[in-house]
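# Residue-level structure breakdown
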Amino acid sequence: MTSNSTTKTLVKTFLRTPHSLKTKFQAKQLLAQFLKTQPYSPSSTSILISVYSNFNLLHPSLFLFNSLNSPPLLAWKSIIKCYANSGHFLNSLTCFVQMRSFGIYPDPNMFPLVLKACVFLKNLRLGESIHGCIIRLGLDFDLFTGNALLNMYAKFQSLQPNGGRKVFAFNVFDGMPKSDELCGTSAQEKGASIIQLESMTKVLEMMPIWDVVSWNTVIAGNAQNGMYEEALRMVREMGNANMKPDSFTLSSVLPIFAEYVDVIKGKEIHGYAIRHWFDSDCYIASSLIDMYANCARIEDSCSVFNLLSKRDDISWNSIIAACVQNGVFDEGLKLFRQMLTAKVKPRDVTFSSIMPACAYLTTLHLGKQLHGYIIRGGFKDNMFIASSLVDMYAKCGNIKAARWIFDQMEHQDMVSWTAIIMGYALHGHARDALLLFKQMEMDGVKPNYVSYIAVFTACSHAGLTDEAWRYFNSMSRNHGIKPGLEHYAAMADLLGRAGKLEEAYEFIGSMHIAPTGSIWSTLLSACRVHKNLELAEKVANEIFKVDPENVGAYVLMSNMYAAARRWKDAAKMRIFMKKKGIRKEPACSWIEVKNRVHTFISGDKSHPLYDRIFEALKDLLEQIEREGYIPDTNEDFHDVDEEQKKYMIFSHSERLALAFGIISTPAGTTIRITKNIRVCVDCHTAIKLISKVVQREIIVRDNSRFHHFKYGKCSCRDYW
DNA sequence: ATAGGGTTAG
């Protein structure tokens, strides 16, 4: 009995000073004692609920709350807070509205919570009606409430474009809404964004004092809505008001300089961050990583990451994305593996960041593994991820899988359409690509800059000059897209491949932006294919004017001179190259066998199975010679005799990879090879015949497209 | 009460 009365006193003491409880465990013990010893009174129950909600113990709080017939303010407040803090914003708001219907008025520090819930549920209407409630209660002078309102209007401003949101009339004081109304996205009227901006200004004007949070909220609001200059102006003004920018301020400012590609200003901010000890802050670090990556300063991104003592999931995502966006794919994949080793769980963003690395490197096995992970993790409906999967499967040579993913998507956006169109284009299925483009337009999805690159790529690989012209002309007329370098390059390439060399030359000359070396280069290689040395010389001169270090042009000219037996001119080109110290990139092919990538360069004997590869090559050569193969040595310009040339072609990198693929995989397996430069004519002929004699499908991806070899034919119909 | 990372590109 004594012990019971002691407990009673103890419980009473705790209820009088609930803050003396320090752990969840103590709180739970208190509940047990309370249930044993106390008669239920609304006020003591409310105190207990508030204890639980402070520890974010939702279920015990609800248990007690439901035992009350007419809960007092403290009980409502605690339960609303507990719901909001455990992410149940809808329940939190429903509870708030219920409380109002009981005729209970909220107290000042409840508003920030419910406003946050409105932001989360994208429910502007409810937020506005709560704002009305705040004004009526005269609480708009409260700093915290004011800041929460500022935040709400700032967030809704950035939700504006492409609204189509459901409108419903609802007032906090009118009673209960249905739950689907509460989570529904709210009003989208014309000029709504301006209204929100005005609301923000009005709130700001009403507030008697502004603190750092007020400034940061408004700065972030401007920065996230593309009003960069206004945001920067406010940062300066904030300084004039004797308010020091903190880490929150910096993480609004850094993305602006990333967008501006202004590494000088970005570095200044980095310096400020170091001086104020913000550089070890994960938020600042990931913004810095992103800023440097956007400015093509990947080394600086890496050093920020390496100096970070604590890394969260977003720090990892940022550095992985930074590597992939800068073309450092191996490093990106390495970091991804390190992230997994460090037991950091990949998020949706991780997958859409890493996937392009698989696409560029043609590492299908890795892409498939990631795809498995995506399905298991429940990420497959994410638009970004699905688009990157479409792209990955297409680039890894599996256009059917790409199409399957594309068709599985619930909605297709412009990026996913563009990815699948580009996929078909790269595989030489020009008609399918153009058909999809029409379907996209019929679906009401507007093409953008990149979509048209895909269209021209498709036309280019099938020689569809008339269609290409039509699209080129309608691009700006129908969609207001001005042709840029990539479009000009694709058009020039298209005309060149189709043999319309003079037309291409004039086309490049008439561009409204200055042509680059790479645009002229597409025409130069067309000149080689169509053996027009005279025009080639003119084009090469243009290249050397804008890009005197262009390796490809020297090599190409040298080869063309050699083919025309103008040895002196050929030698001159080689000497120029030597003087400038520029070297040709070696031709290289790779193939995946049993989840490993095997790389070959031309004439390479270093592979452990080289002897067997050589035997296989000889064997294949005999077989295809029986099918009528005659080596075409025209494209090999080494100054050696024909027999040697035959041998040199015979050991081109793609053939080594192919022979290795044939001897190391079961009969009938599809072989996928990737090459860093264009396949030569002779290899193309040889691989066609090899596909026939070994009865296999062979897929070769070079630097610009796919070749599917089957039954002695290639999908490009010898046009590439 | 305020903050960070993502898909398509000859």
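Keep in mind the model is a prediction, meaning the values are calculated, not measured. (Residues numbered from 1 in each chain as written. Chains lettered and ligands numbered in written order. Predicted model: local features only at pLDDT ≥ 70, side-chain atom pairs only at ≥ 80, totals over all residues. Heavy atoms only, no water.)

Turning to the overall build of chain A, a few remarks are in order. A tally of helices and strands in chain A yields 37 helices and 6 strands. Burial analysis of chain A (720 residues in total) assigns 51% to the buried set. Summarising the internal contacts of chain A: among those between residues at least 6 apart in sequence, 64% fall at separations of at least 24. Of the roughly 35,400 Å² of accessible surface on chain A, a fraction of 55% belongs to carbon and sulfur atoms. Averaging the coordinates of the 82 positive side-chain charges in chain A and doing the same for the 70 negative ones gives two points 6 Å apart. (Helix = DSSP H or I, 4+ residues; strand = E, 2+ residues; numbered from the N terminus. Buried < 20%, exposed > 50% of the residue type's maximum accessible area, 1.4 Å probe, protein only. Contact = heavy atoms within 4.5 Å. Areas by Shrake-Rupley, 256 points an atom, 1.4 Å probe, with all protein chains shown as cover. Lys, Arg positive; Asp, Glu negative; His and termini not counted. Charge placed at Lys NZ, Arg CZ, Asp CG, Glu CD.)

Moving on, we come to the nonpolar core. With 191 residues, the main nonpolar core has Ile-130, Met-392, Phe-456, Leu-523 and Leu-524 as its most contacted residues. Residues lining this core come from more than one domain, with at least three contributed by each of domain 1 (2–243) and domain 2 (483–584). In terms of nonpolar packing, the next biggest core, distinct from the first, is built from 34 residues, Ile-591, Tyr-629, Ala-659 and Val-700 among them. (Core = buried A, V, L, I, M, F, W, Y, C linked by side-chain atoms within 4.5 Å. Domains from an automatic or database assignment.)

With that out of the way, let us pick up the sheet that holds strand 4 (residues 698–701). One open sheet accounts for 6 strands, arranged 2-1-3-4-5-6; its pairing is mixed. Of all the strands in the sheet, just strand 2 (596–601) and strand 6 (713–714) have a single pairing partner and so form its edges. With 3 bridges joining them, strand 1 (residues 588–593) and strand 3 (residues 671–675) adopt antiparallel strand pairing. Opposite Ile-591, over in strand 3, you have Ile-673 as the bridge partner. Each of strand 4, strand 5 (706–710) and strand 6 touches helix 37 (residues 681–693); the most contacted strand, strand 5, lies at about 40° to it. (Pairing = 2+ DSSP bridges. Axes fitted to C-alpha atoms, helices over the stretch in contact; angles between N-to-C directions.)

By nearness alone, 47 residues border DNA strand B, and Asn-147, Lys-155, Asn-317, Asn-382 and Lys-395 come closest of all. Lys-155 has a polar side-chain atom sitting 2.7 Å from a phosphate oxygen of DNA strand B. Note that a phosphate oxygen of DNA strand B is positioned 3.2 Å from one of the side-chain N or O atoms of Gln-325. Ranked by the residues each element gives to the surface near DNA strand B, the list is headed by helix 20 (residues 348–361), at 6 residues. Broken down by class, the residue content of the surface near DNA strand B amounts to 17 nonpolar, 20 polar and 10 charged. (Near = heavy atom within 4 Å. Polar contact = N/O pair within 3.5 Å; in protein donor to acceptor, adjacent residues only side chain to side chain. Nonpolar A, V, L, I, M, F, W, Y, C, P; charged D, E, K, R; others polar.)

Within the structure shown, the criterion is met by 21 salt bridges. Across the salt bridge formed by Asp-569 and Lys-572, the nearest N and O atoms sit 3.7 Å from each other. Of this pair, Asp-569 and Lys-572 are both found in helix 33 (residues 567–580), 3 residues apart, which corresponds to roughly one turn of the helix. Note on Lys-572: relative accessible area 45%, which makes it partly exposed. For the salt bridge of Glu-627 with Lys-692, the shortest nitrogen-to-oxygen distance reads 3.1 Å. Placement of the pair is Glu-627 in the loop between helix 34 (610–626) and helix 35 (642–650) and Lys-692 in helix 37, with a sequence separation of 65 residues. In this structure Glu-627 comes out as partly exposed when scored by relative accessible area, which is 38%. On the accessibility criterion, Lys-692 (41% relative accessible area) is partly exposed. (Salt bridge = Lys/Arg side-chain N within 4 Å of Asp/Glu carboxyl O.)

Taking 1.5 Å per residue, 12 residues should reach 16 Å; helix 26 (residues 449–460) reaches 17 Å between its end C-alpha atoms and fits that length. Most of helix 26 is tucked away, with 10 of its 12 residues classed as buried. For helix 26, every residue scored as buried is listed here: Ser-451, Tyr-452, Ile-453, Ala-454, Val-455, Phe-456, Thr-457, Ala-458, Cys-459 and Ser-460. Looking at the buried residues of helix 26, the elements they touch are helix 24 (414–426), helix 25 (430–442), helix 27 (465–479) and helix 28 (485–497). The backbone nitrogen of Val-450 lies 3.0 Å from a side-chain oxygen of the residue at the head of helix 26, namely Asn-448. (Expected span 1.5 Å × (residues − 1).)

Backbone geometry at Lys-343 places phi at a positive 65°, although glycine is not the residue there. Tracing the sequence through the fold places Lys-343 in the loop between helix 19 (329–341) and helix 20. A residue is classified by how much of its surface remains accessible, and Lys-343, at 76% relative accessible area, is exposed. Backbone geometry at Lys-594 places phi at a positive 45°, although glycine is not the residue there. Overall, Lys-594 belongs to the exposed group, its relative accessible area being 70%.

Under the counting rule described, the total for this entry stands at 25 aromatic pairs. Measuring from ring centre to ring centre gives 6.0 Å for Phe-456 and Phe-472, while their planes differ by 50°; the resulting arrangement is tilted. With Phe-456 in helix 26 and Phe-472 in helix 27, this pair connects stretches of sequence that are 16 residues apart. Phe-472 carries the same exposure label as Phe-456, and that label is buried. (Phe/Tyr/Trp six-rings, centres within 6.5 Å; stacked < 30°, edge-to-face > 60°.)

What follows covers helix 31 (residues 533–546). The end-to-end C-alpha separation of helix 31 is 20 Å, in line with the 20 Å expected for 14 residues at 1.5 Å each. If you check which residues of helix 31 are buried, you get Leu-533, Leu-535, Ala-536, Val-539, Ala-540, Ile-543 and Phe-544. Buried residues in helix 31 make contact with helix 29 (501–509), helix 30 (517–529), helix 32 (551–563) and helix 33.

Here we take up the side chain of Asp-107. Positionally, Asp-107 belongs in the loop between helix 6 (89–101) and helix 7 (111–120). Judged by its relative accessible area of 17%, Asp-107 is buried. Those residues within four positions of Asp-107 in sequence are excluded, and the remaining contacts are Leu-73 and Lys-77.

This next bit is on the packing of helix 24 against helix 26. One way to put it is that helix 24 packs onto helix 26 with a least axis distance of 8 Å and a crossing angle of 15°. Here helix 24 lies roughly parallel to helix 26, going by the angle between them. In this structure, helix 24 crosses over helix 26, and the sense of that crossing is left-handed. Note on element contacts: helix 26 touches helix 24 through Val-450, Ser-451, Ile-453, Ala-454, Thr-457 and Ala-458, opposite Met-414, Thr-418, Ile-421, Met-422, Ala-425 and Leu-426. Of the residues belonging to the contact of helix 24 with helix 26, the class tally is 9 nonpolar, 3 polar and no charged. (Parallel < 35°, antiparallel > 145°, perpendicular 65-115°, else oblique. Left-handed = near helix turned anticlockwise from the far one by under 90°.)

A cluster of like negative charges, contributed by Glu-502, Glu-503, Glu-506 and Glu-534, occupies part of the molecular surface. For the negative patch, the element with the most residues is helix 29, which contributes 3 residues. By the secondary structure assignment, Glu-534 is in helix 31. (Patch = residues over 30% accessible without salt bridge, like charges linked within 9 Å, V, L, I, M, F, W, Y side chains within 5 Å.)

Those places that UniProt annotates as "repeat: PPR" (unreviewed entry) correspond, in this numbering, to residues 72–106, 211–245, 312–346, 413–447 and 448–483. Across residues 211–245, the secondary structure splits into 74% helix and 0% strand, with the terminal C-alpha atoms separated by 11 Å. (UniProt positions renumbered as here; feature names shortened; annotations may be inferred.)

Next up on the list: the pairing of strand 4. Side-chain alternation along strand 4 places Ile-698 and Val-700 on one buried face and Ile-699 and Arg-701 on a second face that is also buried. Here strand 4 pairs with strand 5 via 4 bridges, running antiparallel. Along strand 5, the bridge assignment pairs Ile-698 with Phe-709. Hairpin geometry of strand 4 and strand 5 is characterised by an intervening segment of 4 residues between the two adjacent antiparallel strands.

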